[in-house]
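Observations on the model geometry
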Amino acid sequence: MLNAAETIDAVVEAVHTRPARLGQVRLVCVDGPAGSGKTTFAASLAARLGDNAAVVHLDDLYDGWSGLEGTLWSRLEAQVLEPLRRGFPGRYQRYDWAAGQFDDWVDVPVRPVLVVEGCGSGRREGASLTTLLVWVEAPPDERLRRGLERDGEPVRDRWTAWMVEENRHFAANDTRARADVRLDGSDGMHS
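Below or above, wherever it landed, is the structure these notes cover.

Right, let's talk about the pairing of strand β2 (residues 26-31) for a bit. Most of β2 sits inside the fold, with 5 of its 6 residues counted as buried. Two strands pair when backbone bridges link them, and β2 and strand β6 (residues 113-117) are joined in this way by 5 bridges, in the parallel orientation. Note that in β6 the partner of Val-30 across the bridge is Glu-117. Taken together, the 5 bridges between β2 and strand β7 (residues 130-137) define a ladder with parallel strand orientation. For Val-30, the partnering residue across the bridge sits in β7 and is Val-134.

This is the structure we're talking about:
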């Protein structure tokens, strides 16, 4: 497994040498369990790619704590992936976690690279569109600690239920094994 800091250059090179599979857009999915470092890695990757990249965070698309399955993928596909595949900007409705409902709309410009980060971004349904699948992981106790640090102790039960749900999802999609790159997110990254 590679360290994230050592991997950015290799990932950027791989993105540029592999074909676009989402129309003219190269889709990079950064997947892995909650709290493993996906958001941090995606931000570093996007910063390195600069104006060539747009980023979509699945935290903005989940329908709350039960949103990993259900309508997540169909909404991402209809609102973001399909428009980009046809050469048009995407646009999705962002979930407001405090209000417990979908709220404002977020525009996704057409860029050479789209980075989609979040649990479930590397699901099988999107494999034919994906240029590169990056898997980020960290030990469960570390991920839970990070999550509770960010979200607060009152959501512990929701976090532990999410961890069970994501384990089922990853097993069904064989996400880790299908990843092109695997990163150790326990070196200070967190998402």
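Let's shift gears to the packing of aromatic side chains. Two aromatic rings, taken as a pair, are described by how far apart their centres are and by the angle between their planes. Throughout the structure, instances matching the rule amount to 6 aromatic pairs. Relative to Phe-102, the ring of Tyr-95 lies with its centre 5.1 Å away and its plane at 75°, an arrangement referred to as edge-to-face. Taking relative accessible area as the criterion, Tyr-95 reaches 8% and is therefore assigned buried. Residue Phe-102 is classed as partly exposed on the basis of its relative accessible area, which comes to 23%. Between Trp-135 and Phe-170, the ring centres sit 4.9 Å apart and the planes meet at 85°, which makes this aromatic pair edge-to-face. Of this pair, Trp-135 sits in strand β7 while Phe-170 sits in helix α5 (residues 156-173), and the two are 35 residues apart along the sequence. Comparing Trp-135 with Phe-170, the two get one shared label, buried. Every member of this aromatic cluster is reached through a ring pair, and the members are Tyr-62, Trp-65, Tyr-95, Trp-97, Phe-102 and Trp-162.

The next point concerns the layout of surface pockets. Of the pockets and cavities examined, the largest pocket occupies roughly 220 Å³. Every residue lining the largest pocket is counted, 16 residues in all, and those nearest its centre are Ala-34, Asp-59, Tyr-62, Arg-150 and Trp-159. For the lining of the largest pocket, the secondary structure elements donating two or more residues are α2 (38-49), α4 (140-151) and α5. Of the residues that constitute the lining of the largest pocket, the class distribution is 7 nonpolar, 4 polar and 5 charged.

Turning our attention to the side chain of Glu-166. With respect to the helices, strands and loops of the structure, Glu-166 is situated in helix α5. Among all residues touching Glu-166, those that are not within four sequence positions of it are Pro-33, Ala-34, Leu-68, Cys-119 and Arg-143.

How each quantity is defined
- Residues numbered from 1 in each chain as written.
- Predicted model: local features only at pLDDT ≥ 70, side-chain atom pairs only at ≥ 80, totals over all residues.
- Heavy atoms only, no water.
- Buried < 20%, exposed > 50% of the residue type's maximum accessible area, 1.4 Å probe, protein only.
- Helix = DSSP H or I, 4+ residues; strand = E, 2+ residues; numbered from the N terminus.
- Pairing = 2+ DSSP bridges.
- Phe/Tyr/Trp six-rings, centres within 6.5 Å; stacked < 30°, edge-to-face > 60°.
- 1 Å grid on protein atoms, 1.4 Å probe; cavity = no way out; pocket = protein on both sides within 12 Å on 5 of 7 lines; lining within 4 Å.
- Points joined across faces, edges and corners; volume = space filled by probe spheres on them.
- Nonpolar A, V, L, I, M, F, W, Y, C, P; charged D, E, K, R; others polar.
- Contact = heavy atoms within 4.5 Å.

Read these as layout, nothing more, since geometry by itself doesn't imply function.
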